[in-house]
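Reading the structure
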Amino acid sequence: MGCDPPYVVPKYDKFCSIKGIPQLEELEKALAKKGLKDPWIRNEIWRYQPAFGTKMQRAWYLFFRGLPVGLALTIATVALEKTLGGDGHGGHGEHKK
């Protein structure tokens, strides 16, 4: 405590206007041609902000964010097993006679 948080909360009004987002502007125009309006379109604005990345970047992060740690722990576990001479069976399976 006593320190400022390591993050900055963006102002809410940054996500209230679709101006400058071509995909959403096109959608709004296409709906207007049909006489429709989407009052919830503003809820999609965050997806087009550069800070959130593309769909592929978000998918990559979702599936692979733990890969380096998991791979390092797997290598450490295998190395420890080889070093300590464990046979990997843990007392199960065939017994030596």
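Quick caveat, the model's predicted, so the values are computed rather than measured. (Residues numbered from 1 in each chain as written. Predicted model: local features only at pLDDT ≥ 70, side-chain atom pairs only at ≥ 80, totals over all residues. Heavy atoms only, no water.)

Scanning the protein chain from terminus to terminus reveals 3 helices and 0 strands. Counting from the amino terminus, helix and strand elements in the protein chain follow one another as α-α-α. In the protein chain, which comprises 97 residues, the share counted as buried stands at 8%. Taking all contacts inside the protein chain whose residues are at least 6 apart in sequence as the whole, residues at least 24 apart take part in 50%. (Helix = DSSP H or I, 4+ residues; strand = E, 2+ residues; numbered from the N terminus. Buried < 20%, exposed > 50% of the residue type's maximum accessible area, 1.4 Å probe, protein only. Contact = heavy atoms within 4.5 Å.)

Here the focus is the UniProt feature "transmembrane region" (unreviewed entry) in the protein chain. Under the UniProt annotation, the feature "transmembrane region" (unreviewed entry) is placed at residues 59–80. From the first C-alpha to the last, residues 59–80 spans 33 Å; its make-up is 91% helix and 0% strand. (UniProt positions renumbered as here; feature names shortened; annotations may be inferred.)

The next point concerns helix H3 (residues 67–84). In a regular helix each residue adds 1.5 Å, so 18 residues correspond to 26 Å; H3 covers 26 Å between its end C-alpha atoms and thus fits that length. Of the residues one or two after H3, Gly-85 is the one with positive phi, at around 75°. (Expected span 1.5 Å × (residues − 1).)

Our next topic: the pattern of salt bridges. Going through the model one piece at a time under the given rule, you end up with 1 salt bridge. As a salt-bridge pair, Glu-44 and Arg-47 come within 2.5 Å of each other at their nearest N and O atoms. On the basis of relative accessible area, Glu-44 is assigned to the partly exposed category, the value being 31%. Judged by its relative accessible area of 35%, Arg-47 is partly exposed. (Salt bridge = Lys/Arg side-chain N within 4 Å of Asp/Glu carboxyl O.)

Glancing now at helix H1 (residues 22–33). Spanning 12 residues, H1 covers 17 Å between terminal C-alpha atoms, matching the ideal 16 Å at 1.5 Å per step. Where H1 ends, the next residue or the one after it, Gly-35, has phi of about 80°, a positive value.

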